[in-house]
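Summary of the model geometry
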Amino acid sequence: MTGHVVIAPDKFRGSLTSPEVAAHVAAGLGNVPVVELPVADGGDGTVDAVVASGFTRVETEVTGPAGDPVTASYAVRNEPGARVAVIELAEASGLRRLPGDPVPLTATSRGTGELIAHAVRHGATRIVLGLGGSACTDGGAGMAQALGVRLLDAAGDDLPPGGAALRDLHAVDASGRLSGFEVIVASDVDNPLLGPYGAAAVYGPQKGASPQDVAVLEAGLARLAAVAAHTHGLAGAAEHDGVVRAMGVAGRPGAGAAGGVGFGALTFLDAEIRPGIGYLLDLVEFDRHVEGAQLVITGEGSIDEQTLRGKTPVGVAAAAAKHGVPVVAVCGRRTVGDEELRAAGIEAAYALTDVEPDVRRCMAEAGPLLERLAARIAAGHLTT
């Protein structure tokens, strides 16, 4: 196909999934050949995006962040030399899975580990783990426990769930860990595990943690890093003058992602961290679909300063630029100017608020409004 349009948006949080965004944009373009290629950067909506590209959805019951059972899904596909499972932490351990108020001190990533175990036991050899939207700040402890890693207190008992319990960690026994698979973490978060830019300090308050809770969670994560270094043979942290400082694995960019689940994946699963949007564009074969296209349309709910730091629209623009294909974006609202967008490789951005200033109506009527924006894009950017 040549002269077609590739529609590669992320979700509009609170309004539309990425496949829904793509479908409405396609409807608004009219009689134009399109390839709908919903994408994500590893956060909420990643499973939906890869299922739309041809992966198969698998559902199973796992432990939610508050300990209640939840039905969560992941996606699988056979590739040359590997059976790939795409697992989205938010599916099992996300804030949206909480049955009530946040429980920052006891929230667990166990369900994410249970999803990984289910996929591996059903033949997966490569796990792509998308991080984002987590409810927990447990350093990936629950995930590791679900995969057979024992986190023990001084009496030799297994620790209960949550980041606060990690303060009592005495030893790590990874001898029974499920093995036989590789893990790739898809994440654009570059925070370390500890310190003022770490998992507890930066993301804890977003998960309901008070300043006192943040201090408790920081102490638990520091203990996890130190004990992992001493009993698991990893340079997780170093103690000096009674202060645990982020070093080694704990200091690596991305270790603080998803409440420290990045650290847990690096430490206990020997994971490799890759930029989320870039890796997921490879998974959905963006390069193949963009060959011969006349335009790429990307987007997300809000195009703002965070977007310019490498989120989905900028990642799509960078990938399209390699093929010389221009890119425009759709969004609910935007707070960056035309010059900044062009510097990021996006020719123009069309916001729902351009046609409907009432934000509540934009969210409620996002689909029809997107179709109106797409008609504008067709008139201004496409050749017949």
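Let me sum up the structure you'll find in this document. Remember, it's a predicted structure, so these values are computed and weren't measured experimentally. (Residues numbered from 1 in each chain as written. Predicted model: local features only at pLDDT ≥ 70, side-chain atom pairs only at ≥ 80, totals over all residues. Heavy atoms only, no water.)

**A few points about the sheet that holds strand S9 (residues 182-186)**
The six strands are arranged S3-S4-S5-S6-S9-S12 in an open sheet whose pairing can be described as mixed. Of all the strands in the sheet, the pair left with one neighbour each is strand S3 (56-63) and strand S12 (272-274). This sheet shows a mean twist of 30° between the axes of neighbouring strands, independent of strand direction. The pairing of strand S6 (residues 126-130) with S9 spans five bridges and is classified as parallel. When the bridges of S9 are listed, Arg126 appears paired with Glu182. Packed on one face of the sheet, helix H4 (residues 110-121) meets S3, strand S4 (69-79), strand S5 (82-88) and S6 and runs near 130° to S3. (Pairing = 2+ DSSP bridges. Helix = DSSP H or I, 4+ residues; strand = E, 2+ residues; numbered from the N terminus. Axes fitted to C-alpha atoms, helices over the stretch in contact; angles between N-to-C directions. Contact = heavy atoms within 4.5 Å.)

**Overview of the layout of surface pockets**
Computed from the structure, the largest pocket encloses a volume of approximately 1300 Å³. If you trace the largest pocket, you find 39 residues lining it, with Arg13, Asp41, Glu300, Gln306 and Lys311 closest to the centre. Tallied by class, the residues present in the lining of the largest pocket amount to eleven nonpolar, 15 polar and 13 charged. (1 Å grid on protein atoms, 1.4 Å probe; cavity = no way out; pocket = protein on both sides within 12 Å on 5 of 7 lines; lining within 4 Å. Points joined across faces, edges and corners; volume = space filled by probe spheres on them. Nonpolar A, V, L, I, M, F, W, Y, C, P; charged D, E, K, R; others polar.)

**A few points about unusual backbone geometry**
Phi at Ala258 takes a positive value of approximately 55°, unusual for a residue other than glycine. Structurally, Ala258 can be placed in helix H8 (residues 257-268). Residue class for Ala258 comes out buried when judged on its relative accessible area of 12%. Although it is not a glycine, Asp270 sits at a positive phi angle of roughly 50°. Looking at the secondary structure, you find Asp270 in the loop between H8 and S12. (Buried < 20%, exposed > 50% of the residue type's maximum accessible area, 1.4 Å probe, protein only.)

**Observations regarding H8**
By the criterion of burial, H8 is predominantly enclosed, with twelve of the twelve residues buried. Turning to H8, its buried residues number three or more, namely Ala257, Ala258, Gly259, Gly260, Val261, Gly262, Phe263, Gly264, Ala265, Leu266, Thr267 and Phe268. Immediately downstream of H8, the backbone of Asp270 shows phi near 50°, a positive value.

**Comments concerning the environment of Ser179**
Examined against the element boundaries, Ser179 turns out to sit in the loop between strand S8 (171-173) and S9. On the accessibility criterion, Ser179 (51% relative accessible area) is exposed. Here the alpha-carbon distance between Ser179 and Arg96, two residues 83 residues apart in the chain, equals 30 Å.

**Section: helix H1 (residues 18-29)**
Helix length check: H1 (twelve residues) gives 17 Å between terminal C-alpha atoms against 16 Å at 1.5 Å per residue, within 8%. Residues of H1 that are buried include every one of Ser18, Val21, Ala22, Val25, Ala26, Gly28 and Leu29, and no others. Angularly, the buried residues of H1 cover 165° about the axis, an arc narrow enough to put them on a single face. Following H1 by one or two positions, Gly30 adopts a phi angle in the positive range, close to 85°. (Expected span 1.5 Å × (residues − 1). Arc of directions from axis to C-beta.)

**Some points on the nonpolar core**
In summary, soluble globular proteins display a tendency toward joint burial of nonpolar side chains. Among the nonpolar cores identified, the biggest contains 39 residues, and Val6, Val86, Phe286 and Val296 are the most heavily contacted of them. Top contributing element to this core by residue count: helix H9 (residues 276-283), with five residues. For Val86, the residues in contact, after removing those within four places along its chain, are Thr46, Val47, Val50, Phe55, Tyr74, Ala75, Val128 and Leu283. Listed in part, the 32 residues of the second largest apolar core include Val70, Ala85, Leu115 and Leu269. (Core = buried A, V, L, I, M, F, W, Y, C linked by side-chain atoms within 4.5 Å.)

**Quick notes on the pattern of salt bridges**
All chains considered together, the criterion is met by 18 salt bridges. Here Glu182 ties to Arg126 by a salt bridge, and the two come within 2.8 Å at their closest N and O atoms. Placement of the pair is Glu182 in strand S9 and Arg126 in strand S6, with a sequence separation of 56 residues. Taking relative accessible area as the criterion, Glu182 reaches 36% and is therefore assigned partly exposed. Arg288 serves as the salt-bridge partner of Glu285, at 3.5 Å between the closest nitrogen and oxygen. Look at Glu285 and you get partly exposed, because its relative accessible area is 35%. (Salt bridge = Lys/Arg side-chain N within 4 Å of Asp/Glu carboxyl O.)

**Regarding the sheet that holds strand S1 (residues 5-9)**
Picture the strands of a sheet paired through backbone hydrogen bonds; they go either parallel or antiparallel. With parallel pairing, five strands are arranged side by side in an open sheet as S2-S1-S13-S14-S15. The open sheet has two free edges, formed respectively by strand S2 (34-36) and strand S15 (348-351), since each of these has just one partner strand. Taken over all neighbouring pairs, the strand axes of this sheet differ in orientation by 25° on average, direction set aside. With three bridges connecting them, S1 and S2 associate as parallel partners. When the bridges of S2 are listed, Val5 appears paired with Val34. Relative to S1, H1 is tilted by about 150°, and along the sheet it contacts S1, S2, strand S13 (295-303) and strand S14 (327-334). Where helix H11 (residues 312-321) meets the sheet, its contacts fall on S1, S13 and S14, and the angle it forms with S13 comes to roughly 165°.

**Some details on the side chain of Ser109**
On the secondary structure map, Ser109 appears in the loop between helix H3 (89-93) and H4. When neighbours within four sequence positions are excluded, Ser109 is seen to be in contact with Ser93, Cys136, Asp138, Gly140, Ala141, Gly142, Met143 and Val261.

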